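These are the residues of each chain, in order.
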Amino acid sequence: MLKRLALRNFVIVPELEVEFDAGFSVLTGETGAGKSILIDALQLALGSRGDVGLLREGSARAEVSAEFEAIPPALRPWLEAAGFDAADTLLLRRTLDAQGKSRAWINGSPATIAQLREAAEQLVEIHGQHAWQRLTRPGDARALLDAQAGADSRAVAALFGRWKDAQAALQRARERRDEIERERERLAWQADEIGRLAPQAGEWEALNAEHDRLSHAQALTDAARQALDGLSQRDGSAGESTDRALAALQAVARFDAATLEPIIEVLRGAQAQLADAAHSLHGYLGRDRDDAQRLAQLDARLAAWHGLARRLRRPPDELPALLAQWRAELDALDAGGDVSALVAAIDTAERDYRGAAQRLSAARRQAAAALATAVTQAMQGLGMAGGRFEVALPAQESPQSFGLESVEFQVAGHAGATPRALAKVASGGELSRLALAIAVTTSRAQHDAPRSAGHDAGGNDARDADPAGSRTADPARGRDGSATLIFDEIDAGIGGTVGDMVGALMKQLGRSAQVLAVTHLAQVAACGDQHWLVRKQMVAQRAQSDLQRVAGEARVAEIARMLGGERASGTAHAQALLHGAAALTAAPIAPVASRRPRAPRPSAAGDTPARARRSVRS
């Protein structure tokens, strides 16, 4: 639930902080007062694209923060995995400077804009005034139905891709059969050339090292003999000199033991080390060798390496890796040319895809029937009595990545009419009412449904992009009533008694979720549990938008303004609307969808004082 929204230097708002309550809140004000600025600010905090045009004129930086409480339990594992503090509240903060650079934080820790969007997926659903446009697009309609079904078509898309890849591999094998065979012969010949040499990793370095040693065998022997003579084999050798020095010191050591004994110990150690070195040199000189024969063998082996490397135009030390590479390429060509194996792979991939697609189709059929019933029921109170909503699932001529059928929303505006595609419904008012019926129905269904496991909280990619600013509902979030639903002038083009029903529907939805609505309809505004008034005024010759919570007479005056007409009659009408809304709170409202309604939540009629408000004018 959205608890607090704070703005600083955002568009025409110098500074503003507002706290929202649960239930149904309405935002009203004159056209151009800045009602949608609050929605834009919230969307910026939720990861929407930032633009320098959002900065208040003359400001170096804009800042928006949104605090949520009672966050969905499914969001906590994501927060922990991403390294954010998973507290009872969630604070999203975003800044934007005059150079267009943006920074973001989640619970005080730096975050990416993509992470803001991921968190927002489970916190807020925004339905814009042009929401009907996205309902006419097959991809968006399909995503909405899949969300209602709790299905994820990405697994089907992955299996479809595997099936197509297998088909492409077989096609390539058949088209390139001669080319593959020629390539195979070339690789086999080259691999055989190296294979006869059988070069081993590290062998080239070892051969050269041994060849260098044997090539200098005489010099090594002479040096070893000379060293041995110097150690122990001739008069005045190092060994004899050490022995004489040790004997001289030992003879007089008793007269200055403290000084001479350490020196004597060093000489004894040197004596032992010289003896060990002499013994090792004796062994080195006494080894049996056939250096000439081994040197000939090394010459031949090195010549073979050099000759092959020269023919292949590669450095000798690369031959072992080259052999492994060509053998791997041969194995790949053999596998790619095995037509029977490729056909079997296609059959397996197709079987897996069709099984998953059929399960997805069954889930869609079940969800389509429930959605059609619920939206049809909602239409009856929205000035479309006798109308009917249907979800058509025409089969595709060939399987697609999204399944075996497309999804099309159809509607009949009155009894006896044949349902037609939503895109062909001419009346703008009907389109708006249908969008509202679908939005309220799907949102309420998700908040009333019991939580179930196994759904992907991220949603499909098709749900992420919405030019109208509305986000497709995801069945995996908000089912505990913790998400926030925002309706941004979705009631445009609606009036009269239909407006009464729209207000009742939103008020009913507010019993199980937090609902915020930007509206121009007095009937909707009167149904709000809380009422916020957005005003624009000139301060120091600069436009400035302000927000305050209205209650009592101030609220009556605002609703009367929305109604227009004479002051006395408008005030009376406004009071009547508020009394009617209070009666809605006291009595249960008929459910929108054919689901067991929740118990009504105790709610004020919107006349409670503001909990917190702060506005600083510059």
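Just so it is clear, the structure is predicted and the values come from calculations on it, not from any experiment.

Undergrad: Outline the overall build of the protein chain, supporting the account with residue identities and numerical values.
TA: What the protein chain contains, in helices and strands, is 19 helices and 18 strands. Among the 618 residues that make up the protein chain, the fraction classed as buried is 46%. Considering only intrachain contacts with a sequence separation of at least 6, the fraction spanning at least 24 residues in the protein chain is 72%. Of the roughly 29400 Å² of accessible surface on the protein chain, a fraction of 52% belongs to carbon and sulfur atoms.

Undergrad: Describe the pattern of salt bridges, listing the residues and the values that go with them.
TA: As enumerated under the stated definition, the model contains 22 salt bridges in all. A salt bridge links Glu17 to Arg4, with the shortest nitrogen-to-oxygen separation between them at 3.8 Å. Of this pair, Glu17 sits in strand S2 (residues 13-19) while Arg4 is found in strand S1 (residues 2-10), placing the two residues 13 residues apart along the sequence. In this structure Glu17 comes out as partly exposed when scored by relative accessible area, which is 22%. Accessibility expressed as a relative area gives 16% for Arg4, which makes it buried.

Undergrad: A description of helix H12 (residues 291-312) should follow, citing residues and the corresponding values.
TA: For H12, built from 22 residues, the straight-helix expectation of 32 Å at 1.5 Å per residue is met to within 8% by its first-to-last C-alpha distance of 32 Å. Listed in full, the buried residues belonging to H12 are Leu298, Leu302, Trp305, Gly307, Leu308, Ala309 and Leu312. Of the residues flanking the end of H12, it is Arg313, one or two places downstream, whose phi is positive at about 55 degrees.

Undergrad: Explain unusual backbone geometry to me, and be specific about the residues and the numbers.
TA: Phi is positive for Asn9, close to 55 degrees, though the residue is something other than glycine. Structurally, the position occupied by Asn9 is in strand S1. The residue Ala198 is not glycine, and still its phi comes out positive at about 55 degrees. Among the secondary structure elements, Ala198 is positioned in the loop between helix H7 (177-197) and helix H8 (203-215).

Undergrad: So what about the confidence of the model for the protein chain? Which residues, and what values?
TA: Predicted confidence across the protein chain gives a mean pLDDT of 78, with 83% of residues reaching 70 or more. Strand S11 (residues 403-405) holds the highest mean pLDDT among the elements of the protein chain, 94, whereas strand S18 (residues 613-615) holds the lowest, 35. Segment residues 450-482: pLDDT under 50, and 93 contacts once partners within four positions in sequence are set aside and those in other chains are kept. Here residues 588-618 is a poorly scored stretch, pLDDT under 50, and it has 84 contacts once near neighbours within four places are set aside; other chains count.

Undergrad: I'd like a description of the sheet that holds strand S8 (residues 124-128), backed by residues and values.
TA: An order of S8-S14-S15-S3-S16-S17 is seen for the 6 strands of this open sheet, with the pairing classed as mixed. The open sheet has two free edges, formed respectively by S8 and strand S17 (542-549), since each of these has just one partner strand. On average, each strand axis in the sheet is inclined to that of its neighbour by 15 degrees, with strand direction left out of account. Across 8 bridges, the pairing between strand S16 (residues 530-539) and S17 is antiparallel. Looking at S17, one finds that Val539 is bridged to Arg542. Packed onto the sheet, helix H1 (residues 35-45) meets strand S3 (24-28), S8, strand S14 (484-488), strand S15 (514-518), S16 and S17 and runs at close to 140 degrees relative to S14.

Undergrad: Can you tell me about the pairing of S3, naming the residues and giving the values?
TA: Counting buried residues along S3, 5 of its 5 residues qualify, which places the element largely inside the surrounding structure. Judged by which residues are buried, S3 turns out to be covered on both faces: Phe24, Val26 and Thr28 on one side and Ser25 and Leu27 on the other are all buried. In this sheet, S15 lies alongside S3 in parallel orientation, the contact comprising 4 bridges. Each residue of the ladder has a partner; that of Ser25, found in S15, is Leu516.

Undergrad: Can you lay out the side chain of Ser65 for me, pointing to particular residues and giving the numbers?
TA: Here Ser65 is to be found in strand S4 (residues 61-69). Among the residues examined, Ser65 registers a relative accessible area of 9% and is labelled buried. Among all residues touching Ser65, those that are not within four sequence positions of it are Arg4, Leu5, Ala6, Leu91, Leu92 and Arg93.

Undergrad: Go over the pairing of strand S12 (residues 408-412), please, and point to the residues and values.
TA: The buried count for S12 comes to 4 of 5 residues, which makes it a mostly enclosed element. As paired elements, strand S9 (residues 388-392) and S12 share 5 bridges and run antiparallel to each other. When the bridges of S12 are listed, Arg388 appears paired with Ala412. The sheet contact formed by S12 and strand S13 (residues 420-421) spans 2 bridges and is antiparallel. Residue pairing across strands places Gln410 opposite Ala421, the latter belonging to S13.

Undergrad: Describe the nonpolar core, listing the residues and the values that go with them.
TA: Counting residues in hydrophobic clusters, the biggest one holds 55 residues, and the most contacted among them are Phe389, Phe409, Phe487 and Met506. The leading source of residues in this core is helix H15 (residues 428-448), at 8 residues. With residues up to four places along the chain from it excluded, the contact list for Phe409 reads Leu135, Ala141, Leu144, Leu371, Phe389, Glu390, Val391, Arg420, Ala421, Leu422 and Ile438. Residues Ile37, Leu46, Leu96 and Trp532 belong to the second largest nonpolar core, which totals 47 residues.

Undergrad: Account for the packing of H8 against H12, naming residues and giving values.
TA: Closest axis-to-axis distance for the H8/H12 pair is 10 Å, and the angle between their directions is 140 degrees. Judged by the twist between their axes, the crossing of H8 over H12 is left-handed. Touching Glu203, Trp204, Leu207, Asn208, Glu210, His211, Leu214 and Ser215 of H8 are Asp291, Arg294, Leu295, Leu298, Asp299, Arg301, Leu302, Trp305 and His306, all from H12. Within the contact of H8 with H12, the residues separate by chemical class into 7 nonpolar, 4 polar and 6 charged.

Cut-off values and rules
Residues numbered from 1 in each chain as written. Predicted model: local features only at pLDDT ≥ 70, side-chain atom pairs only at ≥ 80, totals over all residues. Heavy atoms only, no water. Helix = DSSP H or I, 4+ residues; strand = E, 2+ residues; numbered from the N terminus. Buried < 20%, exposed > 50% of the residue type's maximum accessible area, 1.4 Å probe, protein only. Contact = heavy atoms within 4.5 Å. Areas by Shrake-Rupley, 256 points an atom, 1.4 Å probe, with all protein chains shown as cover. Salt bridge = Lys/Arg side-chain N within 4 Å of Asp/Glu carboxyl O. Expected span 1.5 Å × (residues − 1). pLDDT = per-residue confidence, 0-100. Pairing = 2+ DSSP bridges. Axes fitted to C-alpha atoms, helices over the stretch in contact; angles between N-to-C directions. Core = buried A, V, L, I, M, F, W, Y, C linked by side-chain atoms within 4.5 Å. Left-handed = near helix turned anticlockwise from the far one by under 90°. Nonpolar A, V, L, I, M, F, W, Y, C, P; charged D, E, K, R; others polar.

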